Amino acid sequence: MRILKTPGCSYSRDKGLTLHAPQSWRELTQDQLWYVFFLLSHFHELEEVKTYMFLRFTGIRVVRQTASGAWCRLGKSKAFHLAAWQIQSLIHQFNYIDTYENMGVRLEHIRGFHAVDVILKDVTFIDWLNMERMYQQYLKTKDCKHIDTLASLLYRDDAGNASSTTLDEVERTSVFYWFGYVKTVFGRIFRHLFKPATEAGQEISFLELANAQLRALTDGDVTKEKQVEQTACLRALTELNEKAREADEFNKKYGK
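The present account deals with the structure reproduced in this document. Note that this is a predicted model, so its numbers are computed, not measured. (Residues numbered from 1 in each chain as written. Predicted model: local features only at pLDDT ≥ 70, side-chain atom pairs only at ≥ 80, totals over all residues. Heavy atoms only, no water.)

## Some words on the sheet that holds strand 3 (residues 60-65)
Threshold: A pair of strands is treated as paired once DSSP finds two or more bridges between them. Segments assigned H or I by DSSP are reported as helices when at least four residues long, segments assigned E as strands when at least two residues long, and all are numbered from the N terminus. For every element, the axis is a line fit to its C-alpha atoms; helices are fit only across the contacting stretch, and the angle between N-to-C directions ranges from 0 to 180 degrees. The contact criterion used is simple: two residues touch if any of their non-hydrogen atoms lie within 4.5 Å.
Strands sit in the order 3-4-5 across an open sheet of three strands; the sheet is antiparallel. Each edge of the sheet is formed by a strand with only one pairing partner; in this case those strands are strand 3 and strand 5 (80-83). Across the sheet, the axes of successive neighbouring strands diverge by a mean angle of 40 degrees, strand direction being ignored. In terms of strand pairing, strand 4 (residues 69-74) meets strand 5 through four bridges, oriented antiparallel. Counterpart to Trp71 in the pairing with strand 5 is His81. Where helix 2 (residues 46-58) meets the sheet, its contacts fall on strand 3, strand 4 and strand 5, and the angle it forms with strand 3 comes to roughly 120 degrees.

This is the structure we're talking about:
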């Protein structure tokens, strides 16, 4: 595997360790992003993930571990000692992987298929509904087949057709993080439509929710359903959010 080194990392006796590494999800190259998802899919402790990121991205090689840290090399430099507390301090710069809320990136290609826009611009409303259904099914069952189906809608061939492939654990992790990011963004943009569970009231099934959204957009006219389904999801969700806002204002003014 490649070092995935970030240019500018150096060590000297006078200046010590000069370190430049990605400071956010968006600064990661595609190779680095894949490596992060590889780590996240194989290790449960984020501290361990960050330590591997620190070593791989900087090109630092551990020569020998010690009771208080490790002797390391950077390229052909003389070995230098990094204390455990120094490593702990340095890996904090990777705290952005603690959450996908501000991720803003995704693997651009999986198995020859191309990713749709990172926040689903031009994705149809019906595809959004199906994505949401697969995501919720995965959260409920933990069955990876639902992530694979979700990925088939997020990745397309050159003609724009949905992909059809079985993913590995790294790819599934990347898809889960990406859609979690999308959900976070939509929650901020469409805050009247996507409310926290404690505010949303009694839980309803996904089918009931999807049907309610379709009826709201068609005003109950079934002849408009096909047209609504093919509407860009951002446009459809904008309209639904506005309807939800109006309903919230009505309920605040007149009570439920």
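This is not the end of the story, as more comes after the structure.
## Concerning the side chain of Asn241
Let me state the cut-off plainly: Under the rule applied, a polar contact is a pair of N or O atoms within 3.5 Å (in protein, one hydrogen donor and one hydrogen acceptor; residues adjacent in sequence only if both atoms are side-chain atoms).
Mapping Asn241 onto the fold places it in helix 10 (residues 233-254). Of the polar contacts made by the side chain of Asn241, one reaches the backbone nitrogen of Leu193; its length is 3.1 Å. In contact with Asn241, not counting residues within four places along its chain, are Ile189, Phe190, Arg191, His192 and Leu193.

## Topic: the sheet that holds strand 8 (residues 155-156)
With respect to topology, three strands assemble into an open sheet ordered 6-7-8, the strand pairing being antiparallel. Two strands close off the open sheet at either side, each with one partner strand: strand 6 (109-110) and strand 8. With two bridges connecting them, strand 6 and strand 7 (residues 113-115) associate as antiparallel partners. Bridged to Ile110 within strand 7 is Phe113.

## With respect to the layout of surface pockets
Rules: Points on a 1 Å grid, built from protein atoms alone, make a cavity when a 1.4 Å probe fits but cannot get out and make a pocket when they are open with protein on both sides within 12 Å along at least 5 of 7 lines; residues with an atom within 4 Å of a point are the lining residues. Grid points are joined across faces, edges and corners, and a volume is the space filled by probe spheres set on the points.
In this structure, the second largest pocket encloses a volume near 250 Å³. For the second largest pocket, the full set of lining residues is Thr51, Leu55, Val62, Gln65, Thr66, Gly69, Ala70, Cys72, Ala84, Ile87 and Gln88. Of all the secondary-structure elements, those providing two or more residues to the lining of the second largest pocket are helix 2, strand 3, strand 4 and helix 3 (84-90).

## Observations concerning the packing of helix 4 (residues 125-141) against helix 5 (residues 144-154)
Axis angle and axis distance: for two packed helices, these are the angle between their axes and the distance between the axes, and together they describe the pair. Defined as follows: Each angle receives one of four descriptions, namely roughly parallel if under 35 degrees, roughly antiparallel if over 145, roughly perpendicular if within 65 to 115, and oblique otherwise. Handedness of each helix crossing follows the sense of rotation of the near helix against the far helix: counterclockwise by less than a right angle gives left-handed, clockwise gives right-handed. Put simply, Ala, Val, Leu, Ile, Met, Phe, Trp, Tyr, Cys and Pro go in the nonpolar bin, Asp, Glu, Lys and Arg in the charged bin, and everything else, Gly too, in the polar bin.
The geometry of helix 4 relative to helix 5 is characterised by a closest axis approach of 8 Å and an angle of 160 degrees between their N-to-C directions. The orientation of helix 4 with respect to helix 5, classified from their angle, is roughly antiparallel. Like other packed secondary-structure pairs, helix 4 and helix 5 cross with a definite hand, here left-handed. On helix 5, the residues touching Asp127, Asn130, Met131, Met134, Tyr135, Gln137, Tyr138 and Thr141 of helix 4 are Cys144, His146, Ile147, Thr149, Leu150, Leu153 and Leu154. Of the residues contributing to the contact of helix 4 with helix 5, the split by class is nine nonpolar, five polar and one charged.

## What about the environment of Ala115?
Mapped onto the elements of the fold, Ala115 is located in strand 7. With 39 residues separating them in the primary sequence, Ala115 and Leu154 have C-alpha atoms 5.8 Å apart. Leaving out residues up to four positions away in the same chain, Ala115 has contacts with Arg106, Leu107, Glu108, Leu154, Tyr155 and Trp178.

## With respect to the packing of aromatic side chains
The geometry of an aromatic ring pair comes down to the distance between the two centres and the angle between the two planes. Applicable threshold: Two rings from Phe, Tyr or Trp (for Trp, the six-membered ring) form a pair when their centres are within 6.5 Å of each other. A pair whose planes differ by under 30 degrees is stacked, one over 60 is edge-to-face, and the rest are tilted. Using a 1.4 Å probe on the protein chains alone, a residue whose accessible area is under 20% of its type maximum counts as buried, one over 50% counts as exposed, and one in between counts as partly exposed. In this analysis the charged atom, NZ for Lys or CZ for Arg, is taken to sit over a ring once it is within 6 Å of the ring centre and within 35 degrees of the ring normal.
By the definition in use, this model includes 22 aromatic pairs. A ring pair is formed by Tyr135 and Phe176, whose centres lie 5.7 Å apart and whose planes are at 25 degrees; its orientation type is stacked. Of this pair, Tyr135 sits in helix 4 while Phe176 sits in helix 6 (residues 169-189); the two residues are 41 residues apart in sequence, bridging distant segments of the chain. Owing to a relative accessible area of 6%, Tyr135 belongs among the buried residues under this scheme. Its guanidinium or amino end placed over the ring of Trp178, Arg106 lies 5.6 Å from that ring's centre, counting from NZ or CZ.

Note that all results are geometric; they support no functional claim without further evidence.
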